[in-house]
Amino acid sequence: MAFLGGLSLNFLPAEVPAQMPAQWWDEVLGVAVYGGVSPTGWPQYVPSVHVSMPPLSGADGACEVWRARGPLVDGTLAGIRYRRNESVIFGCIELPEGEFAGQDMAESPSGLHRATRSIYERLFTLLDEMRYPGLLRVWNYLPGINLETDGSERYWQFNAGRQDAFIQCGRTTGGNVPAACALGSAAGPVALYFIAAREAPVAIENPRQVSAYRYPERYGPRSPTFARAGLSRPHGSPLLFVSGTASIVGHETCHHGDATAQTVESLRNIEAVLTEARRHAVDARFGLQDLAYKVYVRNPDEFEIVQSAFEAHLACDVPVLYLQADVCRSDLLVEVEASAGHGVEYAL
Ligand code: 3EB
């Protein structure tokens, strides 16, 4: 059961991986570290990304570790560090957008736009060359996501750079797009990590929500390129990645100023996505209680009320990592992401 679906997700305090034996690292695909800490004593070959996003409970730092059965092969291609086995690949990159500032302003208006486009072009180069075309899930973290610079919102600049790269690399920008999230970190470079596989996942939408790639123009001139979830089977059994999910019904934010109601609405949206997943595959029988979660909370003062609403709605213990982050619309107070069909070890 440890590698059910071909993967295992471990949530650990930041200091724990350094204490793990060599055999444990033999099966680590990659790590995301959250918080102010920069753990030391790790093997150099493991791809890791550091995100300035403090955990809201427990230790100062938390790790999200993705593992898969070895033998694993590591390397760097197009500036992306990766580790892979025969069926899945994990990759990550941190790119300081300052390197892209001030260049060729007529062609592209912002450093963030250019940095994002570059990251995604490298990602697609890696997927094509290594032959893992099925992008199952992408995590995007960028500082100051709600700020306005160069005459537009930074999330909009990110969306434009992402969409440019999808088009440039011959990928569709609607329909069969990957599951994703995009959150604001406190500082640091643009950071991205992903999991891909040999076969394309099935993209799942939420009937309660307008697909993000069809959002009206008031949410930005270039639509976000992501699906509400992706269902795949790298090891035969169903593996589900639910994208960042917020209190949006149709295309509008609901429950302004009410973090409790926004949490419950986000979970209703995830339930609707799970129902859709079952419609696509009868064996994708995942309920809310079967998922591993990350919950992003905008205001640290509201952590307790978000946690209470989450626990009350689920009515059982589930693995969940709470992080303090900026959600991409300034009226969103919480965002919830989830996954199911893989092994989980929870030690936070
Ligand atoms: C939303 O539903 C909330 O830009 O990749 C959720 C998941 C959100 C992914 C992305 C954004 C993204 O529009 C925000």
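Please refer to the structure placed before this passage.
Residues numbered from 1 in each chain as written. Predicted model: local features only at pLDDT ≥ 70, side-chain atom pairs only at ≥ 80, totals over all residues. Heavy atoms only, no water.

1. Observations concerning the nonpolar core
Logical step 1: If you look at the biggest cluster of nonpolar residues, it comprises 73 residues, and the most contacted ones within it are Tyr120, Tyr141, Tyr193 and Phe194.
Logical step 2: It is helix α2 (residues 111-130) that provides the largest number of residues to this core, a total of 9 residues.
Logical step 3: Apart from residues no more than four positions distant in its own chain, Tyr141 is found in contact with Tyr34, Val51, Met53, Cys181, Leu183, Ser185, Pro189, Val190, Ala191, Tyr193, Lys294 and Tyr296.
Logical step 4: Among the nonpolar cores identified, the runner-up in size contains 32 residues, and Val242, Ala281, Val297 and Ala340 belong to it. (Core = buried A, V, L, I, M, F, W, Y, C linked by side-chain atoms within 4.5 Å. Buried < 20%, exposed > 50% of the residue type's maximum accessible area, 1.4 Å probe, protein only. Helix = DSSP H or I, 4+ residues; strand = E, 2+ residues; numbered from the N terminus. Contact = heavy atoms within 4.5 Å.)

2. Overview of a nonpolar patch on the surface
Logical step 1: Residues Val344, Tyr346 and Leu348 make up a contiguous nonpolar surface patch of about 240 Å² in total accessible area.
Logical step 2: The exposure class of Leu348 is partly exposed, given its relative accessible area of 40%. (Patch = residues over 30% accessible without salt bridge, like charges linked within 9 Å, V, L, I, M, F, W, Y side chains within 5 Å. Areas by Shrake-Rupley, 256 points an atom, 1.4 Å probe, with all protein chains shown as cover. Salt bridge = Lys/Arg side-chain N within 4 Å of Asp/Glu carboxyl O.)

3. Regarding the pattern of salt bridges
Logical step 1: In this structure the tally under the stated criterion is 15 salt bridges.
Logical step 2: The shortest N-O distance in the salt bridge between Arg137 and Glu337 comes to 2.9 Å. On the criterion of sequence distance, the pair formed by Arg137 in strand β8 (residues 134-143) and Glu337 in strand β20 (residues 334-340) is long-range, its members being 200 residues apart.
Logical step 3: Taking the shortest distance from any N to any O, the salt bridge between Arg298 and Asp326 comes out at 3.8 Å. Separated by 28 residues along the polypeptide, Arg298 in the loop between β18 (292-297) and α5 (303-314) and Asp326 in the loop between β19 (320-324) and β20 bring together distant segments of the chain.
Logical step 4: For Arg298, a relative accessible area of 13% gives the class buried.

4. A few points about the sheet that holds strand β7 (residues 88-95)
Note on sheets: strands pair through backbone hydrogen bonds, and any given pair is parallel or antiparallel.
Logical step 1: Sheet architecture is open: 6 strands sit in the order β5-β6-β7-β12-β8-β11, paired in mixed fashion. Each having just a single partner strand, β5 (73-77) and β11 (179-185) make up the two edges of the open sheet. Taken over all neighbouring pairs, the strand axes of this sheet differ in orientation by 15 degrees on average, direction set aside.
Logical step 2: As paired elements, strand β6 (residues 80-84) and β7 share 4 bridges and run antiparallel to each other. In the sheet register, Arg84 faces β7, and the bridge partner there is Ile89.
Logical step 3: Together, β5, β6, β7, β8 and β12 (190-197) form the strand contacts of α2, whose direction differs from that of β12 by roughly 25 degrees. (Pairing = 2+ DSSP bridges. Axes fitted to C-alpha atoms, helices over the stretch in contact; angles between N-to-C directions.)

5. Things to note about the sheet that holds strand β1 (residues 8-13)
Logical step 1: Judged by pairing direction, the sheet is mixed, and its 5 strands sit side by side in the order β3-β2-β4-β1-β21 without closing on themselves. The strands lining the two open edges of the sheet, one partner per strand, are β3 (48-51) and β21 (343-346). Recorded for the sheet is a direction-independent mean angle of 15 degrees between the axes of neighbouring strands.
Logical step 2: As paired strands, β1 and strand β4 (residues 61-67) are joined by 6 bridges and run antiparallel to one another. When the sheet's bridge partners are listed, Phe11 is paired in β4 with Glu64.

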